Amino acid sequence: MSIAHSRPLEGVRVLDLTRFVAGPYCTMLLADAGADVVKVEPPGGEQTRSLPPMTQTDDAQPISTYFLRFNRGKRSVVADLRTTEGLEVLRRLIGVADVLVENFRPGVLEAMGLGWPQLQELNKGLIYCTLTGYGYENSPLRERGAFTPIIESSAGAVIHQENNEPPLVAGYPVGDIFPASLAVASIAMALFRRTTTGEGARVDVAMYDAMLSMNERAIAVSAMLGTEVLPGRKSDVGAAPSDTFRTADGFVSIAVVGEPIWRRFCEVIGQPNWADDVTLSSGQLRAEQYRALLKPVIDQWLAQRNNDDVVSELNRAGVPAAPVLRPLEVARSEQAQVRGMIWTLRNAGDSTKVVGNPIRFAGEHWPRSTEWAKAGEHTDEVLSGWLETNA
């Protein structure tokens, strides 16, 4: 049974100068964990408030689904950082913040007179996190702009197709979400260290570095062997026959990893002789014969069965398998609902669903951050609350 607990970052003040995906996702996770995240926006609000596709708020105002997905649980302050007055407001907020997160290109804050030395003068204990494409320091490519497909491509984290077709990017923003998650971990580490040293930290998170880490198998094994191991190429799978397959009514994913699972798989599909065939005694050997020998027989077995029966039969036998679901099927699934991973945002219409927070402490229940702020909604509240209490 879950019981209510205080969230782990309650009392932590976070200034959010981010936009698009990586930065806002990072600060959203901090807000979900209880941090008081204040989003500093230009007059009229940040640009992602108007990016399609759009939905409507409870008062019938258009709002971007893009913005709603990554900015729940935050308060909003409007300040024009192109003006002396706006910069002064930002400086004062930095002086009382615990964390500052931004994902501008390197040098933008320096041009405002807010480089790391100046930030330290304003606030010795500040944790300053930058989320950039190629990194802030020691980076030959630091000046390049980057979005997730650019970073995934630079890191080799793409799906290499057969027949010399162009490689495919993931199709979901892994190049944003994974770096953002590492940024959350880095900020938490810096806050923990500050409890003993009293000093802040300059956190330099590069989307590129994160995606190299995500793609470590292909990079490390290729470098060790001196031959290319290309993500997505079936011939490179050392755990054949792990693949996605067509059934009578959809698609399933099956993972045959290791010899015990291989033996169980052979029994289920009615091919026990395969289990004792020395030419199929390892994942790599099976990969070599996958297309010519294994796949046609597996496809025939699957074509006579529907998804539910295949998944049930294989899992009962101890062979990992799952249906390949579409996004709406995931959102409506029992697993996602019971795990509390689909949330409804308040003030954004009853149908505005977003993906919840994957971070949880066993046995604890945290309040959900399901509110979203209009641009500048909390300007007076934050300035009076943050600044007057630290005067």
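Overview of the structure. (Residues numbered from 1 in each chain as written. Predicted model: local features only at pLDDT ≥ 70, side-chain atom pairs only at ≥ 80, totals over all residues. Heavy atoms only, no water.)

**Describing the nonpolar core**
Inference 1: Membership of the largest hydrophobic core comes to 31 residues, with the highest contact counts inside it found for Val14, Cys26, Leu30, Val99 and Ile187.
Inference 2: Of all elements in the fold, only helix 1 (22-32), helix 2 (65-70), strand 7 (99-102), strand 8 (127-132), helix 7 (174-197) and strand 9 (201-206) reach the threshold of two or more residues within this core.
Inference 3: No other element matches the seven residues that helix 1 contributes to this core.
Inference 4: Leaving out residues up to four positions away in the same chain, Cys26 has contacts with Val101, Leu131, Ala180, Ala183, Val184 and Ile187.
Inference 5: Among the nonpolar cores identified, the runner-up in size contains 26 residues, and Leu87, Leu90, Leu93 and Ala97 belong to it. (Core = buried A, V, L, I, M, F, W, Y, C linked by side-chain atoms within 4.5 Å. Buried < 20%, exposed > 50% of the residue type's maximum accessible area, 1.4 Å probe, protein only. Helix = DSSP H or I, 4+ residues; strand = E, 2+ residues; numbered from the N terminus. Contact = heavy atoms within 4.5 Å.)

**Comments concerning the side chain of Lys39**
Inference 1: Note on placement: Lys39 falls in strand 3 (residues 36-41).
Inference 2: A polar side-chain atom of Lys39 sits 3.2 Å from a polar atom in the side chain of Asn71. (Polar contact = N/O pair within 3.5 Å; in protein donor to acceptor, adjacent residues only side chain to side chain.)

**Digging into the environment of Gly156**
Inference 1: Considering the arrangement of structural elements, one finds Gly156 in the loop between helix 6 (148-154) and helix 7.
Inference 2: The class for Gly156 is partly exposed, based on a relative accessible area of 25%.
Inference 3: Spatially, the C-alpha atom of Gly156 lies 7.2 Å from that of Asn215, the residues being 59 residues apart in sequence.

**Re the sheet that holds strand 6 (residues 75-78)**
Neighbouring strands of a sheet are bound in pairs by backbone hydrogen bonds; such pairs are parallel or else antiparallel.
Inference 1: The sheet built from six strands is open, its strands ordered 6-3-2-7-8-9 with parallel pairing. Each edge of the open sheet carries a strand with a single partner, namely strand 6 and strand 9. Strand after strand, the sheet turns through a mean of 20 degrees between neighbouring axes, direction not considered.
Inference 2: Strand direction decides the pairing type here: strand 8 and strand 9, joined by six bridges, are parallel. Across the sheet, the residue bridging to Thr132 is Ala206, located in strand 9.
Inference 3: Of the strands in this sheet, strand 2 (13-17) and strand 7 touch helix 3 (residues 84-96), which is tilted by about 145 degrees from strand 2.
Inference 4: Against the sheet, helix 17 (residues 379-388) contacts strand 2, strand 3 and strand 6, and its axis sits at roughly 95 degrees relative to strand 6. (Pairing = 2+ DSSP bridges. Axes fitted to C-alpha atoms, helices over the stretch in contact; angles between N-to-C directions.)

**Focus: unusual backbone geometry**
Inference 1: Residue Pro53 is reached from Pro52 by a cis peptide bond, and omega for that bond is 0 degrees.
Inference 2: Within the secondary structure layout, Pro53 lies in the loop between strand 3 and strand 4 (54-56).
Inference 3: One non-glycine residue, Phe20, lies in the positive phi region at around 70 degrees.
Inference 4: Phi at Asn138 is positive, roughly 50 degrees, even though this residue is not glycine.
Inference 5: One can find Asn138 in the loop between strand 8 and helix 6.
Inference 6: For Asn138, a relative accessible area of 82% translates into the label exposed.

**What to know about the environment of Phe67**
Inference 1: The residue Phe67 is located in helix 2 in this model.
Inference 2: The contact partners of Phe67, leaving out residues within four places of it in the chain, are Lys39, Glu46, Thr48, Arg49, Trp372 and Ala373.

**Quick notes on the packing of aromatic side chains**
The geometry of an aromatic ring pair comes down to the distance between the two centres and the angle between the two planes.
Inference 1: Applying the stated criterion across every chain, the model contains eight aromatic pairs.
Inference 2: Both rings, one in Phe20 and one in Phe147, keep their centres 5.4 Å apart while their planes meet at 90 degrees; by these two values the pair is edge-to-face. Taken together, the residues Phe20 in the loop between strand 2 and helix 1 and Phe147 in the loop between strand 8 and helix 6 connect sequence positions 127 residues apart.
Inference 3: Here a set of aromatic residues connected by ring pairs shows up, and it is made of Tyr25, Tyr66 and Phe70.
Inference 4: Sitting over the ring of Tyr136, Arg142 keeps its end group 5.0 Å from the ring centre.
Inference 5: Geometry around Trp262 places Arg286 over its ring, the cationic atom sitting 4.3 Å from the centre. (Phe/Tyr/Trp six-rings, centres within 6.5 Å; stacked < 30°, edge-to-face > 60°. Lys NZ or Arg CZ within 6 Å of the ring centre and 35° of its normal.)

All quantities given are derived from atomic positions and should not be read as evidence of function.
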